[in-house]
Amino acid sequence: RPYHGIERSALESLVTWDKLDATKRVLLLDTCHSGAAFGKGARGERGIAFQQSEVDTLLERSSGLYILAATSDDGFAREQEGNGLFTRALLDGLEGAADSGDFGDKDGTVGIDELMHYARYAVLERSAGRQQPTFPKIEGGENFPLARARNEEDARR
């Protein structure tokens, strides 16, 4: 039922489910108004809609929870060439663009911090500033590697 949306509790369960053993978690939302899924719609807030007890429990056994949203609470997620701009930026970043240039430390891996910086830049550039990703994050998370950056030899394979 794509036109009915998804309940907030379903989103919360994706990252707070007690049977999920992952200590590092990333939730990606590439939809219009995706920044509104967290907080009470106030722009620039870093608050999360989860119950504090769920957050405390998660942080006790977690070393990173990041939520990356394609837009602000009132923004539209734009598409280009069959992909959302945000999804395309994430894919490019994970392939290595986030580890190069001014975004990364060029160590051969793409970390979550590098990916966030690259995605923000790429989406803003590709949308001419009309789409701005938001990254509400539960404090206590730490940077961690997500992917090995592809080098020229990998690209030839």
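So, a few notes on the structure that sits alongside this text. In this text the structure is predicted, and so the values were computed from the model without any measurement.

Concerning the overall build of the protein chain
Item 1. Of regular secondary structure, the protein chain possesses 5 helices and 6 strands.
Item 2. Each helix and strand of the protein chain, ordered N terminal to C terminal, gives the series α-β-α-β-β-β-α-β-α-β-α.
Item 3. The proportion of buried residues among the 157 residues of the protein chain is 39%.
Item 4. For the protein chain, restricting intrachain contacts to residue pairs at least 6 apart in sequence, the fraction spanning at least 24 positions comes to 72%.
Item 5. As displayed, the protein chain has an accessible area near 9,400 Å², and 49% of this comes from carbon and sulfur atoms.

Structural notes on the nonpolar core
Item 1. Core analysis: the largest hydrophobic core is formed by 18 residues, its most contacted members being Y66, L68, F86, L90, A119 and F135.
Item 2. Breaking this core down by element, the ones donating at least two residues are strand 2 (64-69), helix 3 (85-95) and helix 4 (112-126).
Item 3. Among the elements that make up this core, the one with the highest residue count is helix 4 (7 residues).
Item 4. Not counting the four nearest positions on each side in its chain, L90 is found in contact with L28, L68, L115 and A119.
Item 5. Counting residues in hydrophobic clusters, the runner-up holds 6 residues, among them L11, V15, L29 and I67.

Quick notes on helix 1 (residues 8-16)
Item 1. Among all positions in helix 1, only L11, E12, V15 and T16 are buried. For helix 1, the angular spread of buried residues about the axis comes to 120 degrees, placing them on one side.

As for the packing of aromatic side chains
Item 1. Applying the stated rule across the entire model yields 3 aromatic pairs.
Item 2. Ring geometry for Y66 versus F144: centroids 5.7 Å apart, planes at 70 degrees, classification edge-to-face. One end of the pair, Y66, is in strand 2; the other, F144, is in the loop between helix 4 and strand 6 (145-148), and 78 residues separate them in sequence. You'll find Y66 and F144 in the same group, each marked buried.
Item 3. Relative to Y118, the ring of F103 has its centre 5.2 Å away and its plane inclined at 90 degrees; by these criteria the two rings are edge-to-face. Taken together, the residues span a long stretch of sequence, with F103 in the loop between helix 3 and strand 5 (109-111) and Y118 in helix 4 at a distance of 15 residues.
Item 4. Judged by relative accessible area, F103 falls into the partly exposed class, the value being 23%.
Item 5. Taken together, the aromatic side chains of F103, Y118 and Y121 make up a single cluster linked through ring pairs.

Concerning a nonpolar patch on the surface
Item 1. Together, V26, L28 and L146 give the surface a local cluster of nonpolar side chains, amounting to about 220 Å² of exposed area.
Item 2. Relative to the assigned elements, V26 resides in strand 1 (residues 24-29).
Item 3. Looking at V26, the relative accessible area reads 32%, which means it is partly exposed.

A look at unusual backbone geometry
Item 1. Phi is positive for K106, which is not a glycine, with a value near 60 degrees.
Item 2. Tracing the backbone through its elements, the reader meets K106 in the loop between helix 3 and strand 5.
Item 3. A relative accessible area of 55% means that K106 is categorised as exposed.
Item 4. A positive phi is found at A128, a non-glycine position, where the angle reads about 55 degrees.
Item 5. Position of A128 relative to the elements: it lies in the loop between helix 4 and strand 6.
Item 6. Assessed through its relative accessible area of 59%, A128 is described here as exposed.

Description of helix 4
Item 1. End to end, helix 4 covers 21 Å across 15 residues, agreeing with the expected 21 Å (1.5 Å per residue, within 8%).
Item 2. Within the sequence span of helix 4, burial applies to I112, E114, L115, M116, Y118, A119, A122 and V123.
Item 3. Buried residues belonging to helix 4 abut strand 1, strand 2, helix 3, strand 5 and strand 6.

Reading the values: the criteria
Residues numbered from 1 in each chain as written. Predicted model: local features only at pLDDT ≥ 70, side-chain atom pairs only at ≥ 80, totals over all residues. Heavy atoms only, no water. Helix = DSSP H or I, 4+ residues; strand = E, 2+ residues; numbered from the N terminus. Buried < 20%, exposed > 50% of the residue type's maximum accessible area, 1.4 Å probe, protein only. Contact = heavy atoms within 4.5 Å. Areas by Shrake-Rupley, 256 points an atom, 1.4 Å probe, with all protein chains shown as cover. Core = buried A, V, L, I, M, F, W, Y, C linked by side-chain atoms within 4.5 Å. Arc of directions from axis to C-beta. Phe/Tyr/Trp six-rings, centres within 6.5 Å; stacked < 30°, edge-to-face > 60°. Patch = residues over 30% accessible without salt bridge, like charges linked within 9 Å, V, L, I, M, F, W, Y side chains within 5 Å. Salt bridge = Lys/Arg side-chain N within 4 Å of Asp/Glu carboxyl O. Expected span 1.5 Å × (residues − 1).

The analysis is restricted to geometry; functional conclusions fall outside its scope.
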